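A look at the structure
What follows is each chain in one-letter form.
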Amino acid sequence: MGAATKFSLLLVCLLAGTMSPVKGEDPYFYFTWNVTYGTLSPAGVPQQVILINGEFPGPNINSTSNNNIVVNVFNNLDEPFLFHWAGIQQRKNSWQDGVAGTNCPIMPGMNFTYHYQVKDQIGSYFYYPSLGMQRAAGGFGGLRVNSRLLIPVPYADPEDDYTVLIGDWYTKSHSTLSKFLDSGRALGRPQAVLVNGQNAKGDGTDKPLFTMKAGKTYKYRICNVGLKNSLNFRIQNHPMKLVELEGSHTVQNTYDSLDVHLGQCFGVLVTADQEAKDYYMVASTRFTKTVITGKGIIRYENGKGPASPEIAEAPVGWAWSLNQFRSFRWNLTASAARPNPQGSYHYGQINITRTVKLINSVSRDNGKLRYALNGVSHTEAETPLKLAEYYGIGDKVFKYDTISDNPSADVGNSITIQPNVIKFEYRTFIEIIFENHEKSVQSYNLNGYSFFAVAIEPGTWTPEKRKNYNLLDGVSRHTIPVFPKSWAAIMLTFDNVGVWNLRSELAENRYLGQQLYISVPTPERSLRDEYNIPENALICGAVKGLPKPAPYT
């Protein structure tokens, strides 16, 4: 039994006294987080960062499928705050999603307790502050969901399990970056790339982030928590065997490096079979004129000698990254969070109910930079969309389906600034096309769901392109890159009731409107389809003071 599995079991035993007394209920894990400001120099310049219990990055959440996670968050900042649990599907429970369209913020000096279940999923994820540009100050951390002991994974238990959070970094404060964007300016180029909140200097003073024993195999969970750039990740002299991608077991190909786009997470196995010394983990920006590189140190136990200063360069061009995407395949024979094989779900045989094409665009509204999807640049309403819908006043706050499912190519020539909400009928099978007419690489994330990434190709999409779809073993995941002048296609069943955020993972684009919300209403107000609003739910905006709707039954 590997150390990671032993540690997971130990946590369950230690917390047994705090579990719910209901017989047979899944385990509960309780956390209390104090969110504060602090001053650190992650890129060599003192700056304000967001700490969780004094930590930067924040603490890892180590859980197992079906565990209940309870996090009591105390906001000790001077601004509103929310946590979002990226990739956690929150079945029937968008109340816990932690984004502005579903939740009222935790005000300064107040607290809120999140309670969600990591149900029927496994994999590597992360959490982060979702309001404004707060992610630029930190407040993020790893979130892993291990497979239950009764469900086998398609590889031997690793010696240990490590989380690697990579991301570009700005030395200006998050409030300053917000002011840049509010004034119509762009973010510009980041100043650094960090690996777990630091960048190794290489002068002999760096402490190792991780330690490996010679001959042992380790699992590394690599997530891009940055703001602007795709990153290429590699470990000196150590190939990586990909075993998991955003909650799905993959065909186990081996890579010398991996392009990790914004919001993405990979799980890889690395064997300590080299000379016992230090080695660099390297993350460097992709698709940029100037390459910015960050490093972290892995040390062999009892190893002698510093890491070599010679670092392999990252690949050039996005065609390499597209080919790597095409090499990712769903492991059809592996079990997921349930005992049935991943490949028992034949998504390619389901008839498409509706096709929605989303074209991203950039323009200037009254001289200020704005980003849009199908000509609508999303702005947050004073009342969270989910609350307005639940209290029956949605028509006073927003309108459904203001964008076309099949927009013209010039849809971005003019934009409208308003809440952008699409309504999908419950349990329909939807095809979404992302068409990128810009020169930069996009990365999109969908809350509350995993989808099948079936194709990415250069050019523009037409129905004839469906003949090129991977309808057998496309990976089930929750983010997808879209390369310049290219399109990407995803397919999924909208079977999770709630209001869910679909957004660009580029922080500047999201902040300035390149996102929307998807409403999947329950046909009847039934607990079969959706949980009731939590008793501790924060109430704000136009619903404040209104009588609470009758509970679901």
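Scroll up for the structure.
Residues numbered from 1 in each chain as written. Predicted model: local features only at pLDDT ≥ 70, side-chain atom pairs only at ≥ 80, totals over all residues. Heavy atoms only, no water.

Details of the overall build of the protein
Definition in use: Here a strand is any run of E in DSSP of at least two residues, a helix any run of H or I of at least four, and the numbering for each starts at the N terminus. The size measure is the radius of gyration over C-alpha atoms, and the globule rule it meets is 2.2 Å times the number of residues to the 0.38 power. To sort residues, take the accessible area from a 1.4 Å probe on protein chains only and compare it with the maximum for the residue type: under 20% means buried, over 50% means exposed, and anything in between is partly exposed. Residues are treated as being in contact if the distance between any of their heavy atoms lies within 4.5 Å. Residue burial considers only the protein chains on display, and all accessible areas are found by Shrake-Rupley using a 1.4 Å probe.
Within the protein, the regular secondary structure consists of 5 helices and 33 strands. Taken against the 2.2 N^0.38 rule, which gives 24 Å for 553 residues, the C-alpha radius of gyration of the protein at 22 Å falls within 12% of a compact globule. Principal-axis analysis of the C-alpha atoms places the extent of the protein at approximately 65 × 55 × 50 Å. Within the span of the protein, comprising 553 residues, buried residues form 58% of the whole. Across the protein, every contact between residues at least 6 apart in sequence was considered, and the portion connecting residues at least 24 apart equals 78%. Surface summary for the protein: the accessible area is close to 21800 Å², and the carbon and sulfur share equals 51%.

A few points about the pairing of strand β9 (residues 161–169)
Threshold: Being paired, for any two strands, means DSSP has found at least two bridges between them.
A large share of β9 lies buried, amounting to 9 of its 9 residues. For β9 and strand β12 (residues 217–224), the ladder comprises 6 bridges, and the chain directions are parallel. By the bridge assignment for β12, Ile 166 is matched with Asn 224. Strand direction decides the pairing type here: β9 and strand β10 (residues 192–195), joined by 4 bridges, are antiparallel. If you follow Gly 167 over to β10, its bridge partner there is Leu 194.

Some thoughts on the pattern of salt bridges
Where we set the bar: The working definition used for a salt bridge is a side-chain nitrogen of Lys or Arg within 4 Å of a carboxyl oxygen of Asp or Glu.
Evaluated as defined, the whole model comprises 19 salt bridges. Salt-bridge contacts for Glu 246 lead to Arg 477; the nearest nitrogen and oxygen are separated by 3.7 Å. One end of the pair, Glu 246, is in the loop between β14 (240–245) and β15 (248–249); the other, Arg 477, is in strand β29 (residues 476–477), with 231 residues separating them in the sequence. We classify Arg 477 as buried; its relative accessible area is 1%. The shortest N-O distance in the salt bridge between Arg 466 and Glu 431 comes to 2.7 Å. Remark: Glu 431 occurs in strand β26 (residues 428–436) and Arg 466 occurs in the loop between β28 (451–458) and β29; sequence separation between them is 35 residues. Each member of the salt-bridge network shares a partner with another, and the members are Arg 135, Arg 503 and Glu 505.

As for the state of the cysteines
Rules: Disulfides are defined as cysteine sulfur pairs within 2.5 Å.
Per the counting criterion, the structure on display carries 2 disulfides. The connectivity of the disulfide bonds within the protein can be written as 1-4, 2-3, using the sequence rank of each bonded cysteine.

A closer look at the packing of aromatic side chains
Our working rule: For this analysis, a ring pair means two rings from Phe, Tyr or Trp (six-membered ring only for Trp) whose centres lie within 6.5 Å, classed as stacked if their planes differ by under 30 degrees, edge-to-face if by over 60, and tilted for the remaining angles. A positively charged side chain is recorded as over a ring if its NZ (Lys) or CZ (Arg) lies within 6 Å of the ring centre. The angle to the ring normal must also be within 35 degrees.
Counted under the stated rule, the structure contains 35 aromatic pairs. On the numbers, 6.1 Å between centres and 45 degrees between planes, the contact of Trp 33 with Trp 85 is tilted. Of this pair, Trp 33 sits in strand β1 (residues 28–40) while Trp 85 sits in strand β5 (residues 83–86); the two residues are 52 residues apart in sequence, bridging distant segments of the chain. Take Trp 33 and Trp 85: they sit in the same class, and that class is buried. Centroid distance Tyr 347 to Phe 452: 4.0 Å. Interplanar angle 10 degrees. Geometry classified as stacked. Residue Tyr 347 is located in the loop between α3 (318–327) and β21 (354–365), and its partner Phe 452 is located in strand β28; the two are separated by 105 residues in the primary sequence. Residue Tyr 347 is classed as buried on the basis of its relative accessible area, which comes to 0%. On the accessibility criterion, Phe 452 (7% relative accessible area) is buried. Of the aromatic side chains, those joined through ring pairs into one cluster are Phe 31, Trp 33, Phe 81, Phe 83, Trp 85, Phe 112, Tyr 114, Tyr 116 and Tyr 127. Arg 185 extends its terminal NZ or CZ atom over the ring of Phe 180, reaching a point 3.9 Å from the ring centre. Looking at Arg 525, its charged tip hangs above the ring of Tyr 390, at a distance of 5.0 Å from the centre.

Here's the deal with the sheet that holds strand β30 (residues 479–482)
To be explicit about the condition: All axes are obtained by fitting lines to C-alpha atoms, using only the stretch in contact for helices, and the reported angles, taken between N-to-C directions, cover 0 to 180 degrees.
Spatially, the 5 strands line up as an open sheet ordered β25-β33-β32-β27-β30, and their pairing is mixed. Of all the strands in the sheet, just β25 (421–423) and β30 have a single pairing partner and so form its edges. Mean inter-strand twist for the sheet, computed between neighbouring axes without regard to direction, equals 20 degrees. As judged from the 4 bridges shared by strand β27 (residues 442–446) and β30, these two strands associate in the antiparallel manner. Counterpart to Tyr 444 in the pairing with β30 is Ile 480.

A few points about the side chain of Arg 144
Under the convention used in this document: Polar contact is the term for a pair of N or O atoms within 3.5 Å; when the atoms are in protein, one must be able to donate a hydrogen and the other to accept it, and sequence-neighboring residues count only if both atoms are side-chain atoms.
Mapped onto the elements of the fold, Arg 144 is located in strand β8 (residues 141–146). Judged by its relative accessible area of 8%, Arg 144 is buried. Among the polar contacts listed, one links the side chain of Arg 144 to the backbone oxygen of Asp 161, at a separation of 3.3 Å. Separated by 2.9 Å, the side chains of Arg 144 and Thr 163 make a polar contact. Residues within four places of Arg 144 in sequence aside, it is in contact with Asn 60, Ile 61, Asn 62, Ser 63, Gly 123, Asp 161, Tyr 162, Thr 163 and Arg 221.

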